Amino acid sequence: MKKALAWLTLAAVVLTGCNQTVAAVNPTEYINEPYNYTQPLHVKQDLYRNFYAVTVPSFYDNDGDGVGDLQGIAWNMDYIANLNCNGLYISSVLSGADSLKNAVSDYYSIDPAFGTLEDMAFLLDECKMRAITLIMEMPLNHTSTQHTWFTLAVESLKAGDFDNQYVNYYNFTTESSKEGYYPVEGTAYYYQAINGSEKPDLNLNNETLRADLQDALQYWLERGVGGFCFTGVEDYFENDADATMQVLVWLVDFCKRIKPECYVAADANTDFNTTGSLYASGFDTIMNYGYAGETGRIVKTVNKTDPLGRYGEAMTYAQRVFAQYTADTVDGNFLSGQNVGRLYDWFAGDVSKIKLAIGLNAMLGGSNFLFYGEELGLSGAVNVNTAMDWAEVESLGETIVEGGNTVQPLGSAELQKADPGSIYNYTRLALRLRQENPEIARGVAKVATGIEDEDLSAVFKATDAGTLIVVINTAMETKTIQSPMTLFGATAMRGYLSPTGRSATFTQEELSIPPYGIVVLSAK
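Residues numbered from 1 in each chain as written. Predicted model: local features only at pLDDT ≥ 70, side-chain atom pairs only at ≥ 80, totals over all residues. Heavy atoms only, no water.

Visitor: Looking at this model, I keep getting lost on the overall build of the chain. Mind explaining?
Guide: The secondary structure content of the chain amounts to 16 helices and 23 strands. Here the C-alpha radius of gyration of the chain, 24 Å, is about what a compact globule of 524 residues would show, namely 24 Å. Viewed in the frame of its principal axes, the chain has a C-alpha envelope of about 85 × 55 × 45 Å. The proportion of buried residues among the 524 residues of the chain is 60%. Once local pairs closer than 6 in sequence are excluded, the contacts in the chain between residues at least 24 apart make up 69%. Accessible surface, the chain as shown: approximately 20,100 Å² in total, 47% of it carbon and sulfur. In the chain, 34 side chains carry a positive charge and 64 a negative one; their mean positions are 8 Å apart. (Helix = DSSP H or I, 4+ residues; strand = E, 2+ residues; numbered from the N terminus. Rg over C-alpha atoms; globule rule 2.2 N^0.38 Å. Buried < 20%, exposed > 50% of the residue type's maximum accessible area, 1.4 Å probe, protein only. Contact = heavy atoms within 4.5 Å. Areas by Shrake-Rupley, 256 points an atom, 1.4 Å probe, with all protein chains shown as cover. Lys, Arg positive; Asp, Glu negative; His and termini not counted. Charge placed at Lys NZ, Arg CZ, Asp CG, Glu CD.)

So this is what it looks like as structure tokens:
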């Protein structure tokens, strides 16, 4: 995965294992002008967090077998904390039959590829020392065919014992024509597995199954896990929103009863309105796909395929939709991930656009989820869960992913940490701004009026403690706004993000926003 040229001078690179050539573009030379607006941190120990989302097998290989592991994460917790993240989201590490362990074979054990229960305890201790909340990915919509529950159910069907409790843990039928069902060899039965034959669906209506799942959730909470992200909730019941809601309510009630501060999140690949309806369950966070992906609101805003104003309007629209169901939402905002892809590939390596997208995501309310490696601009052209690029030379931590490691053109963590113009250092500042200014994550958004330039937009973020204004410039040139104090009630600069390194300036008479810049101002 090593590079022949530094990331700022690379013109183009052919990605290994892929037929396409991806150009690495940096439209302007980075000008490292002084930044004089560092503010004290106001990190609150609540549900609003900056999460670093790790695909475990791809992140850091600590034992030299080519597979990332829990110790690899634990030994790199300073890296995560230094990005100004106070949350850690890890992909499933439960024993499972597939590479990403979404087909669980044991809800109580760590898959040997990733380590042991002792390794998990070590990671949790490292998180605790840094006040970082760890949440585990928890697939409950199906198990592996290798799970004891499923093997015992199949044995019972073959023996004609239809009263065995495990038969009712899954969805069996004798109707051969039903879509998404597979035959149970040696019987007249078929089992539901909408995600493939190796992943039989659980019958989450079954009370005995729920009791077993509760025991497993309690097991992890008592060992120090800070919460869960329940994945695939849209697949809990086909076309039955009421049944899904009932299960979600059960999960929230149980987790909060065992640990009131438990962070309960759900991943449901759906639109703003459906996401909003799921909040009626009491979940703290539903991952918001409305901003994410190549066709999401943020990428469209950066590429100007959507008017800039729709970015702010999307914030206020989401607030209105979510408020119909609950007053306590912590929106789950992310740009990229396993299900949607990576920034580098959407922007053809344009560093300034990658930075602006990260900045826009950081300005959203709720919790911020940063997919591992996006702070380096990793390409996922071969595999979205590509190997993390740690150093310019071969290192112990390098993992080997399915399809082969992608050549990464923008430079390793080692290189980017030392470069003030890197995506890494831009991301650090973007996440720090969220921690310096709690209003960004927690404030009620309102789109500012009075700006007539289509490249400029502003959004108020108001809490009982104060109000901020976030001003955005999507042009590749410096823009000015006259009389910002009169227009916005702006009183002072709180900080700014500048992909090109050029400074923002603020006076009562004029606000200057650098190319692709984001400025945070305090208001009366």
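Visitor: Even after reading the chapter, I still don't get helix H5 (residues 148–159), so can you show me in this structure?
Guide: The α-helix advances 3.6 residues per turn, and as a result positions three or four apart in sequence lie on the same side. Here H5 is 12 residues long and its end C-alpha atoms lie 16 Å apart, about the 16 Å a rise of 1.5 Å per residue gives. Those residues of H5 not exposed but buried are Trp-149, Phe-150, Ala-153, Val-154, Ser-156 and Leu-157. The buried residues of H5 occupy one face: seen down the axis, they fall within an arc of 160°. H5 presents Lys-158 and Ala-159 as exposed residues on the side facing more than 90 degrees away from its buried surface. On the buried face of H5, the contacting elements are strand S6 (104–110), strand S8 (172–173), strand S10 (190–192) and helix H6 (207–221). One or two residues past the end of H5 sits Gly-160, with phi positive at roughly 80°. (Expected span 1.5 Å × (residues − 1). Arc of directions from axis to C-beta.)

Visitor: Mind showing me how you'd approach the packing of H6 against helix H7 (residues 241–258) here?
Guide: Between two packed helices, both the angle of their axes relative to each other and the distance between the axes serve to describe the pair. It is the contact of H6 with H7, at a shortest axis distance of 10 Å, that shows an interaxial angle of 40°. It follows that H6 is oblique to H7 by the angle criterion. Two packed elements cross with a definite hand, and for H6 against H7 that hand is right-handed. Contacts from Arg-210, Leu-213, Gln-214, Leu-217, Gln-218 and Leu-221 of H6 reach H7 at Gln-246, Val-247, Trp-250, Leu-251, Phe-254, Cys-255 and Ile-258. Taken together, the residues that form the contact of H6 with H7 break down as nine nonpolar, three polar and one charged. (Axes fitted to C-alpha atoms, helices over the stretch in contact; angles between N-to-C directions. Parallel < 35°, antiparallel > 145°, perpendicular 65-115°, else oblique. Left-handed = near helix turned anticlockwise from the far one by under 90°. Nonpolar A, V, L, I, M, F, W, Y, C, P; charged D, E, K, R; others polar.)

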